[in-house]
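Observations on chain architecture
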There are 4 protein chains.
Amino acid sequence: LQRRERKIAIFTDASNHPAAIARTVCANGAGADYVLWVCENLGSAEERLTYWAPGELHREDFAPLNLVVLLRDPSACGVASANAAALPLLGIPEAALAHRGLITKREIRLTALAYLELQPGNVLWDVGAGSGSMSLEAARLSPMLNVYAIDKAGEHLQENIANFRLRNVHLIVGEAPEALAALPAPDAVFVGGSGGRLLAILAYAVHRLKPGGRLVLSCITLETFSQAWTWLSEHGCQPEATSLQLAHSRPLSHLHCLEPEHPIFLVRVKKP
Amino acid sequence: LQRRERKIAIFTDASNHPAAIARTVCANGAGADYVLWVCENLGSAEERLTYWAPGELHREDFAPLNLVVLLRDPSACGVASANAAALPLLGIPEAALAHRGLITKREIRLTALAYLELQPGNVLWDVGAGSGSMSLEAARLSPMLNVYAIDKAGEHLQENIANFRLRNVHLIVGEAPEALAALPAPDAVFVGGSGGRLLAILAYAVHRLKPGGRLVLSCITLETFSQAWTWLSEHGCQPEATSLQLAHSRPLSHLHCLEPEHPIFLVRVKKP
Amino acid sequence: LQRRERKIAIFTDASNHPAAIARTVCANGAGADYVLWVCENLGSAEERLTYWAPGELHREDFAPLNLVVLLRDPSACGVASANAAALPLLGIPEAALAHRGLITKREIRLTALAYLELQPGNVLWDVGAGSGSMSLEAARLSPMLNVYAIDKAGEHLQENIANFRLRNVHLIVGEAPEALAALPAPDAVFVGGSGGRLLAILAYAVHRLKPGGRLVLSCITLETFSQAWTWLSEHGCQPEATSLQLAHSRPLSHLHCLEPEHPIFLVRVKKP
Amino acid sequence: LQRRERKIAIFTDASNHPAAIARTVCANGAGADYVLWVCENLGSAEERLTYWAPGELHREDFAPLNLVVLLRDPSACGVASANAAALPLLGIPEAALAHRGLITKREIRLTALAYLELQPGNVLWDVGAGSGSMSLEAARLSPMLNVYAIDKAGEHLQENIANFRLRNVHLIVGEAPEALAALPAPDAVFVGGSGGRLLAILAYAVHRLKPGGRLVLSCITLETFSQAWTWLSEHGCQPEATSLQLAHSRPLSHLHCLEPEHPIFLVRVKKP
């Protein structure tokens, strides 16, 4: 552990069982740096692989035949810091992100992610990344996604990427579309903000998109929607649109009303 | 490969590079049985880990310093058959599932998953699992989720689970709530269908839910919503509700209208 | 005019034409008390009847063969004070009403009115009338509607009814359902507020409703909707429901977003 | 009655009471041609004016001091044929109109009417009138509205106008905007259909609109909305938009789901 090995396999026994190993890792101050896999009954029908943040492994009831593997650099496995380990597998809560109030809500974010049809190995551009919620949510899906988060002001973005310890999110501070020129061609593009340069961004992104690539644009304003829909239609992109209207229960004296969110349009394009 | 080893590590060189190894795996008829990890520049700042379905690995531009690891039993890694490998990382398309027309749509499914706040190691009950879309979407998030898909009629469910080759989805054919009695206590419960026994299922699920556990109920009918909301309120569960109304663009002569989906209510409860 | 006759018919000529008569009425300080009907070409194919607030009649191009009829008590004709004359024929603006913030919005009000299927001669109960927006909107449709506006606190209601000078709105200050006992049986009932006594009000209103009568309940809270839907269903009333979700454009810097209103449920029942 | 007098005033007594007069009218086959006003206690505090279709007047409990006035040509009073007399005061049911499937629904129609802020004496253009639902709904609000229903194909329109016996709806068969040139300048314009000439119609209508005039455009397609919003914004019209999303309960086995309607955008402009 002193040498911060990348990968350590440990055969266990009655005293050096998984929880004991986990305690040792923590006692060495490496609890946040490793993920601990417990591989039980390897090769048998009862085989089971589970992984743990060392600080959270207290179970003593593993199958006696087990192997422990310690992996450094948890982000490569989609597991971030001990802090981030408390995050749900899907749907980063807004509270877990530093942001300035404007953030793509979980429901919209996940719907947009589905529309992006991400595959392992894909390059995703997140244009106007803001707090980075979309980049981070995507990056957590697979260490094999290469996510580029582009934003004029990268403050919160940088902080959030650092906090999530994800190695597959690349921060690009700059203005789109110019800042996109140096990036690898995308399989998927999400446009969450355009800083007043919507059509230039759409034109450039559609141009660079790989064949079969997907572009999703989130529209909160009527102008964004109207201009994008008209431009994409007139340029042969055959856009599709989805409108989402959500409302959440909110206490009203001892009863509950439905508090609506701003309706959102997701416009999407698939390059032939 | 003949012996179907579980795990094979291969040091590569200029001729035995990753794509060559992948071809060999496929030529041996084992393309669907292994996932191939390429570990480049291990230990350096340029380290990168990517994984591939052998049949899809054609790249020749990996870093020269690389190691290939072949893992049998892809489902343990969240990668299903070659077929399923074409699935997006998030949002199983309805077309990829055998079903009878009633299926929780992608957008609703992902929103419900976010509300379930799943953590690695969690037990999820998917009650009235139908085609299994929710179970499968959840199970793909992490091999460490234990998903129980409960349904009276398990046909399509069984077929879909088999097709996705996910080892962490357990099919329970039977009627809830009786069929739930033998299951481990859940961290999360999704109720997608109740077969006319809504209140009995809610009562039992809330009872069995672990402290801090989450229950999400999808309501397509006004009766389901009304009864659940009233019952949960009256039993101190402090339910929350979200209404979702989606509409998708659809061609109308040479223009497009918005075709609405049925509005859905997601009712949720968090056990203190 | 000094004697404030109720009805005055005047044969006109080139100098005593309608606009001249209108000016005389106004000069006598009676402009707000009369409605002036111009009956052109009576009995011919070009016959036309139009009515005017005297202060607004400046046209000089009426057919030479015309008759002017002055009617006092404008409210009997659905025309209120000079003030109210500026109101649109349909859709009382919220600004024209004294109210405490809670008011049934125009769009909802008119939809509910349509669902009430009011006929001339009908008795309408407006239960929980609040500012009276529904009562006044209904009463303006026809002097032949008899509208009963019931509310615990009648302040704003009284002021608004007085301002609109409508003779067919009757203010009932009291608590429903008790306050309803003395009223004539309704053809139509609108429940805009229930003061915590929803089910008692529904039960009484359905009981008193004439055969073929209509009841419409506006629900802003989930509890109101759930309880009403369940109760009405269980008591053989075969309720119908409509959900309405509106959003209005609102400036956002130099663009516009859609600002949503609270979703509303209108539950309705038709007595066989 | 044989001579079909336009207006007949009858002093009543114990045997020639209102219901008896009504029966006589009907017995003479004139029940559909007259409206019968009962004027009770004229000049006193108990004065009440009510009107009746003769075939529907059976009450015997009028005040003894009453006067009956028979008015021929009911449409001048906003009362149509005996058939139309069964219509509700507001919200013409779709079933009461001959149409080809495309019809502005009641809820949308009434909301649009409110946004048109119609005043007595106003000229309303109903462009792309279709079945005429909007023209007829408006015309019934007041005999003093002058409604022009413009449509390329006037079939159903003519039939419906004839059925409703409204004298203040003028059918213009022709294509907008050319067909609008001969019409008086409008106080209000409703555009329900544009036959592919949206921007030409908007430009012409905004040009002809009187100062203070209102234009409301109903958009079912994304293209109509996008183009109108962009054009009106760029031409200094400061448009406002409202989106309306309705859903109606529909039986689903023995329960009810919410069946959504197509979302509609109403775009509106007020000329300074």
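Before going into details, it helps to say that this report is about the structure given with it. None of these values were measured; they are calculated from a predicted model.

Quick notes on the packing of helix H3 (residues 106-116) of chain A against helix H4 (residues 133-141) of chain A
Residue and element names in this part refer to chain A. At their nearest, the axes of H3 and H4 sit 10 Å apart, and the two run at 55 degrees to each other. Here H3 is positioned oblique relative to H4, judged by the angle of their axes. Of the two possible hands of crossing, H3 and H4 adopt the one that is right-handed. Across from Arg109, Leu110, Ala112 and Leu113 in H3, the residues of H4 making contact are Ser133, Met134, Glu137, Ala138 and Leu141. A class-by-class count of the residues in the contact of H3 with H4 yields 6 nonpolar, 1 polar and 2 charged.

What about the packing of helix H6 (residues 198-208) of chain C against helix H7 (residues 222-234) of chain C?
All names here are of chain C. As a packed pair, H6 and H7 sit with axes 10 Å apart at the nearest point and diverge in direction by 40 degrees. Taken together, the axes of H6 and H7 lie oblique to each other. The two elements H6 and H7 meet at a crossing, and its hand is right-handed. The segment H6 lies against H7, with Leu198, Leu199, Leu202, Ala203 and Val206 engaging Thr224, Gln227, Ala228, Trp231 and Leu232. Of the residues belonging to the contact of H6 with H7, the class tally is 8 nonpolar, 2 polar and no charged.

Considerations on H7(C)
With 13 residues, H7(C) ought to run about 18 Å at 1.5 Å a step, and its terminal C-alpha atoms sit 18 Å apart, in line with that. Count one or two residues on from H7(C) and you reach C:Gly236, which has phi positive near 70 degrees.

Some thoughts on the relation of the copies chain A and chain C
Once chain A is rotated about the relating axis by 180 degrees and shifted along it by 0.0 Å, it coincides with chain C to within an RMSD of 0.3 Å. Given the turn and translation reported, the copies of this chain are related as if by a two-fold rotation axis. Closest to the rotation axis within chain A is the C-alpha of A:Pro260, separated from it by 3.1 Å. In this assembly, 100% of the residues forming the interface of chain A have copies in chain C that are likewise at the interface, indicating an isologous arrangement.

Some thoughts on unusual backbone geometry
Across the junction of C:Ala176 and C:Pro177, the peptide omega takes the value 5 degrees, indicating a cis bond. With respect to the helices and strands, C:Pro177 occurs in the loop between strand E7 (169-173) and strand E8 (188-191). One non-glycine residue, A:Glu117, lies in the positive phi region at around 45 degrees. Relative to the assigned elements, A:Glu117 resides in the loop between H3 and strand E5 (123-127). Judged by its relative accessible area of 25%, A:Glu117 falls in the partly exposed class. For C:Arg165, which is not glycine, the phi torsion reads 50 degrees and is therefore positive. Mapped onto the fold, C:Arg165 is located in the loop between helix H5 (155-164) and E7. Taking relative accessible area as the criterion, C:Arg165 reaches 44% and is therefore assigned partly exposed.

Looking at the interface of chain C and chain D
On the side of chain D, 50 residues touch chain C, which itself brings 50 residues to the contact. Between chain C and chain D, a total of about 4200 Å² is buried, with carbon and sulfur atoms accounting for 57% of that surface. Across the contact surface, chain C and chain D share 0 salt bridges. If you look at where chain C meets chain D, you find 11 residue pairs in polar contact (both at pLDDT 80 or more). Looking at the side of chain C that touches chain D, the elements that each hand over two or more residues are strand E3 (48-52), helix H3 (106-116), strand E10 (240-252) and strand E11 (255-260) of chain C. With 10 residues, E10(C) is the single largest residue contributor to the side of chain C that touches chain D. Tallied by class, residues from the side of chain C that touches chain D come to 27 nonpolar, 14 polar and 9 charged. Relative to strand E10 (residues 240-252) of chain D, E10(C) is paired through 7 bridges, and the arrangement is antiparallel. Its bridge partner lying in E10(D), C:Leu246 is registered against D:Leu244.

Comments concerning the interface of chain A and chain C
Opposite the 19 residues of chain A that make contact, chain C presents 19 residues. Across the chain A/chain C interface, buried area totals approximately 1600 Å², and carbon plus sulfur atoms make up 67% of it. Linking chain A to chain C there are 0 salt bridges. Linking chain A to chain C there are 6 residue pairs in polar contact (both at pLDDT 80 or more). For the side of chain A that touches chain C, the secondary-structure elements that each account for two or more residues are helix H7 (222-234), strand E10 (240-252) and strand E11 (255-260) of chain A.

Quick word on the packing of aromatic side chains
Tallied over the entire structure, the rule returns 14 aromatic pairs over all chains. Joined through ring pairs, the aromatic side chains of A:Phe225, A:Trp229, A:Phe265, D:Phe225, D:Trp229 and D:Phe265 make up one cluster. Across the ring face of B:Phe62, the terminal group of B:Arg59 is positioned such that the distance to the ring centre comes to 4.9 Å. Here the guanidinium or amino end of C:Arg268 rests over the ring plane of C:Tyr115, the centre of that ring lying 3.8 Å away.

Some points on the pattern of salt bridges
Side chains that differ in charge, positive against negative, can pair when their charged atoms come close. Residues and elements named next belong to chain B. According to the stated counting rule, one finds 34 salt bridges over all chains in the structure shown. One salt bridge connects glutamate 137 with arginine 109, and the closest N-O pair in it is separated by 2.6 Å. Note that glutamate 137 is positioned in helix H4 (residues 133-141) and arginine 109 in helix H3 (residues 106-116), a separation of 28 residues in sequence. Accessibility expressed as a relative area gives 0% for arginine 109, which makes it buried.

Thresholds applied
- Sequence positions are assigned chain by chain, starting from 1 and proceeding in written order.
- To read the labels, note that chains go from A and ligands from 1, taken in the order they are written.
- Predicted model: local features are reported for residues with pLDDT of at least 70 only, side-chain atom pairs are reported and counted for 80 or more only, and whole-chain, interface and lining totals are derived from all residues.
- For side-chain calculations, the full set of non-hydrogen atoms in the structure is used, while hydrogens and water are omitted.
- Only the contacting stretch of a helix is used when fitting its axis, a line to C-alpha atoms as for every element, and angles between N-to-C directions run 0 to 180 degrees.
- The helix count covers DSSP runs of H or I at least four residues long, the strand count covers runs of E at least two residues long, and both are numbered beginning at the N terminus.
- Reported orientations rely on four angle classes, namely roughly parallel under 35 degrees, roughly antiparallel over 145, roughly perpendicular from 65 to 115, and oblique for the rest.
- In this scheme the handedness of a crossing depends on how the near helix is turned from the far one: anticlockwise by less than a right angle means left-handed, clockwise means right-handed.
- In what follows, residue pairs with any heavy atoms lying within 4.5 Å of each other are defined as contacts.
- When residue character is reported, Ala, Val, Leu, Ile, Met, Phe, Trp, Tyr, Cys and Pro are called nonpolar, Asp, Glu, Lys and Arg charged, and the others, Gly included, polar.
- Expected helix span is taken as 1.5 Å per residue step, with the number of steps being one fewer than the number of residues.
- The superposition of copies rests on a least-squares fit of C-alpha positions from residues with pLDDT of 70 or more in both.
- Partly exposed describes any residue whose relative accessible area lies between the buried limit of under 20% and the exposed limit of over 50%, with all areas from a 1.4 Å probe on protein chains only and scaled to the type maximum.
- When two components associate, each loses some accessible surface as probed by a 1.4 Å sphere; the sum of these losses over both components is called the buried area.
- Salt-bridge detection follows one rule: a side-chain nitrogen of Lys or Arg within 4 Å of a carboxyl oxygen of Asp or Glu.
- For the purposes of these results, a polar contact is taken to be a pair of N or O atoms within 3.5 Å, where, inside protein, one atom must be able to donate a hydrogen and its partner to accept one; residues adjacent in sequence count only when each atom of the pair is a side-chain atom.
- At least two bridges found by DSSP between two strands is the condition for calling them paired.
- The aromatic pairing rule takes the rings of Phe, Tyr and Trp, using the six-membered ring of Trp, and pairs them if the centres are within 6.5 Å, calling planes under 30 degrees apart stacked, those over 60 edge-to-face and the rest tilted.
- Lysine NZ or arginine CZ positioned within 6 Å of the ring centre and within 35 degrees of the ring normal marks a charge as sitting over the ring.

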